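# Tertiary structure, described
If you want the building blocks of each chain, they are given just below.
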Amino acid sequence: LGDSLVVIDGPEHLARRRMYMPLMAEDFLTRLEREVAVPVLASALDRHLRPGPDGYPRADLVALVRDVYMRLAAALIGFADHDGENVSTRLHELLGPLSEGATVEWSPRDHDEVRRDGLAAKEAYRQEFFLPAWRLRRELVDRHRAGELDRAELPVDLLTLLALNFQPHWDEDLPVRESILFLAGSTGNPVGHVVYAVEDLAHWLAEHPADRQRPPD
């Protein structure tokens, strides 16, 4: 977790959050919804929905929502193939040992084993996902600094912002750690929140059937 956003404090924390503000800009979020979220959701529905015994299409909501959030997080980090065939499945496989390794003090398993599994998953993540995207972002940033690309021509994602603002006191592994924690934070609680919200809505509609006819607010 060293030097990542979740552990730094004070002016450094504020500066890092300001650095990530382009990911929260309204025009960027609007474009993200239109160009990434809508296609990702459509393709996820195609992958997960199957006809149920009653004729209605059905899906495992946890798997569906996790698939969507994994791909959205991958796009926000800067992985070009965020909607590839096995991206979500593979990231989910790696995130389990990565998350357990990051919170090893709470694990009931042997801590040395947890660390070994976490480091192995981190190296797989680095090779399979991080390095291809990071090399491309560094190349684009170098071209920008050489005057070959305008700032507006650079992609807006986590890795581009880290490459643009890389600090002399950062170690080369910081972007790896930061992107892993970004992935974990973007796909953990949000999946549960959507599932709980859908369950609450189902209970509400069962008790207020007239509300089924109301348009979404």
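Before reading further, recall that the structure is shown in the block above.
All of the points below concern the structure found in this document. As the structure is a prediction and not an experimental result, all values here were calculated from the model.

## Section: the overall build of the chain
A tally of regular secondary structure across the chain gives eight helices and two strands. N-terminal to C-terminal, the α/β element order of the chain is α-α-β-β-α-α-α-α-α-α. Considering the chain as a whole, with its 217 residues, one finds that 36% of them fall into the buried category. Put simply, of all contacts in the chain between residues at least 6 apart along the chain, 59% involve residues at least 24 apart. When the accessible surface of the chain is summed, it comes to about 13,200 Å², and 56% of that surface belongs to carbon and sulfur atoms. Between the mean site of the 25 positive side-chain charges and the mean site of the 38 negative ones, the chain shows a separation of 2 Å.

## Some words on the pattern of salt bridges
The tally for this structure, following the rule as stated, stands at 22 salt bridges. In this structure, Asp 117 engages Arg 109 in a salt bridge whose closest nitrogen and oxygen atoms are separated by 3.2 Å. Here Asp 117 falls in the partly exposed class, since its relative accessible area comes to 31%. The exposure class of Arg 109 is partly exposed, given its relative accessible area of 30%. As a salt-bridge pair, Lys 122 and Asp 173 come within 2.7 Å of each other at their nearest N and O atoms.

## A few points about a nonpolar patch on the surface
Residues Leu 1, Val 6 and Val 7 make up a contiguous nonpolar surface patch of about 260 Å² in total accessible area. As for its placement among the helices and strands, Val 6 is situated in the segment before helix 1 (10-19). Owing to a relative accessible area of 57%, Val 6 belongs among the exposed residues under this scheme.

Definitions and limits used
- Residues numbered from 1 in each chain as written.
- Predicted model: local features only at pLDDT ≥ 70, side-chain atom pairs only at ≥ 80, totals over all residues.
- Heavy atoms only, no water.
- Helix = DSSP H or I, 4+ residues; strand = E, 2+ residues; numbered from the N terminus.
- Buried < 20%, exposed > 50% of the residue type's maximum accessible area, 1.4 Å probe, protein only.
- Contact = heavy atoms within 4.5 Å.
- Areas by Shrake-Rupley, 256 points an atom, 1.4 Å probe, with all protein chains shown as cover.
- Lys, Arg positive; Asp, Glu negative; His and termini not counted.
- Charge placed at Lys NZ, Arg CZ, Asp CG, Glu CD.
- Salt bridge = Lys/Arg side-chain N within 4 Å of Asp/Glu carboxyl O.
- Patch = residues over 30% accessible without salt bridge, like charges linked within 9 Å, V, L, I, M, F, W, Y side chains within 5 Å.

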